[in-house]
Amino acid sequence: MKAKFAVLGVLAAGLVTSGSGIAAAQAEAVQSAPRTVPLVRYFDGLKHYVTSGARPGVKYREEGRVPILTSPVPGTRAIYGCLAGHAPRDQFLSADAGCENSVSGAKGNTLLRREGFLYKTPGPGRRALYRCYVPHTKSHFVSVRSDCESKPPTSKVNAEFVLGYFPYSGR
């Protein structure tokens with residue numbers, strides 16, 4: 001069974017008469033609310049690819065999506081898309097703009113793009129996003145599940161760490 005993600009966090013302004021004070025307050029709330037874009041998880045049958053950008057190729061099908069902030073707000077950090085230097089087509093997300101090249105054993109990782117921003121800490125209206133790794137296919141992906149959707153003994157998936165927290169309305 002695949003984990004389902006939902007696109008969350010869409011604000012809609014109500015109809016009010018102009019000059020009523022309520023209209024100005026609603027307009028300010030809409031302008032100050034952090035904007036999001038979908039962070040989409042794709043899979044081509046062997047490798048995953050997670051991005052807020054374009055689909056990586058026609059063979060990749062969408063598996064799910066979560067919202068990611070488009071600009072920094074207090075308490076957030078940038079998330080980057082990287083390509084691993086040690087494994088063909090292993091794209092992964094990192095909070096390190098250097099794509100973790102300073103980590104022991106990591107060499108030749110390439111920065112692809114800044115994907116967006118996630119909150120650093122849990123809080124009301126936030127949900128954890130886990131970075132996961134499938135060792136036998138050398139493929140990273142993200143999941144909202146702490147077990148990274150692992151189904152032993154048929155599939156071994158490692159939950160590496162919480163990448164960050166995305167805005168979540170609970171719907």
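Report follows, based on the coordinates. (Residues numbered from 1 in each chain as written. Predicted model: local features only at pLDDT ≥ 70, side-chain atom pairs only at ≥ 80, totals over all residues. Heavy atoms only, no water.)

**Notes on the state of the cysteines**
Overall, the coordinates contain two disulfides when judged by the stated rule. Between Cys82 and Cys99 runs a disulfide, and the two sulfur atoms are separated by 2.2 Å. Here the S-S torsion is close to -80 degrees, and the disulfide linking Cys82 with Cys99 is therefore left-handed. Of this pair, Cys82 sits in strand S4 (residues 76-83) while Cys99 sits in the loop between strand S5 (91-94) and strand S6 (110-119); the two residues are 17 residues apart in sequence, bridging distant segments of the chain. Each member of the pair, Cys82 as well as Cys99, carries the same accessibility label: buried. The side chain of Cys132 participates in a disulfide bridge whose partner is Cys148; the two sulfur atoms lie 2.0 Å from each other. Because the torsion about its S-S bond is -75 degrees, the bridge between Cys132 and Cys148 counts as left-handed. Of this pair, Cys132 sits in strand S7 (residues 126-134) while Cys148 sits in the loop between strand S8 (139-143) and strand S9 (158-167), placing them 16 residues apart in sequence. (Disulfide = S-S within 2.5 Å. Helix = DSSP H or I, 4+ residues; strand = E, 2+ residues; numbered from the N terminus. Buried < 20%, exposed > 50% of the residue type's maximum accessible area, 1.4 Å probe, protein only.)

**A look at the packing of aromatic side chains**
Per the stated rule, a full pass over the model turns up two aromatic pairs. Residues Tyr49 and Tyr60 carry aromatic rings whose centres are separated by 6.1 Å and whose planes lie at 65 degrees to one another, so their mutual orientation is edge-to-face. In this pair, Tyr49 is assigned in strand S2 (residues 48-51) and Tyr60 in the loop between S2 and strand S3 (61-69), connecting sequence segments eleven residues apart. Neither Tyr49 nor Tyr60 differs from the other in exposure class; each is buried. The interplanar angle of 85 degrees and the centroid separation of 6.3 Å between the aromatic rings of Phe166 and Tyr168 together place this pair among those described as edge-to-face. Above the ring of Tyr119, the side-chain terminus of Arg126 is found at 3.8 Å from the ring centroid. Just above the ring of Tyr168 sits the side chain of Arg127; from NZ or CZ to the centre is 5.1 Å. (Phe/Tyr/Trp six-rings, centres within 6.5 Å; stacked < 30°, edge-to-face > 60°. Lys NZ or Arg CZ within 6 Å of the ring centre and 35° of its normal.)

**Some points on the side chain of Thr137**
Relative to the helices and strands, Thr137 is located in the loop between S7 and S8. Its relative accessible area of 17% is what places Thr137 among the buried residues. Residues within four places of Thr137 in sequence aside, it is in contact with Leu46 and Lys47. (Contact = heavy atoms within 4.5 Å.)

**Quick notes on the pattern of salt bridges**
Applying the stated criterion across every chain yields a total of eight salt bridges. Across the salt bridge formed by Arg41 and Glu63, the nearest N and O atoms sit 2.8 Å from each other. Here Arg41, found in strand S1 (residues 36-43), pairs with Glu63, found in strand S3; they are 22 residues apart in sequence, far enough to count as distant. Both residues of the pair, Arg41 and Glu63, count as buried. For Glu62, the salt bridge is made with Arg65, and the minimal N-O distance between the two is 2.8 Å. (Salt bridge = Lys/Arg side-chain N within 4 Å of Asp/Glu carboxyl O.)

**Some words on the pairing of S7**
The side chains of a regular strand alternate between both faces of the sheet. Burial runs high along S7: seven of the nine residues are buried. One ladder, built from eight bridges, connects S7 with S9; its direction is antiparallel. The residue of S9 that forms the bridge with Arg127 is Phe166. Pairing analysis gives five bridges linking S7 to S8, with the strands arranged antiparallel. Paired with Cys132 across the strands is Phe141, a residue of S8. Between the end of S7 and the start of S8, which pair antiparallel, lie four residues, with Lys138 showing a positive phi angle near 50 degrees. (Pairing = 2+ DSSP bridges.)

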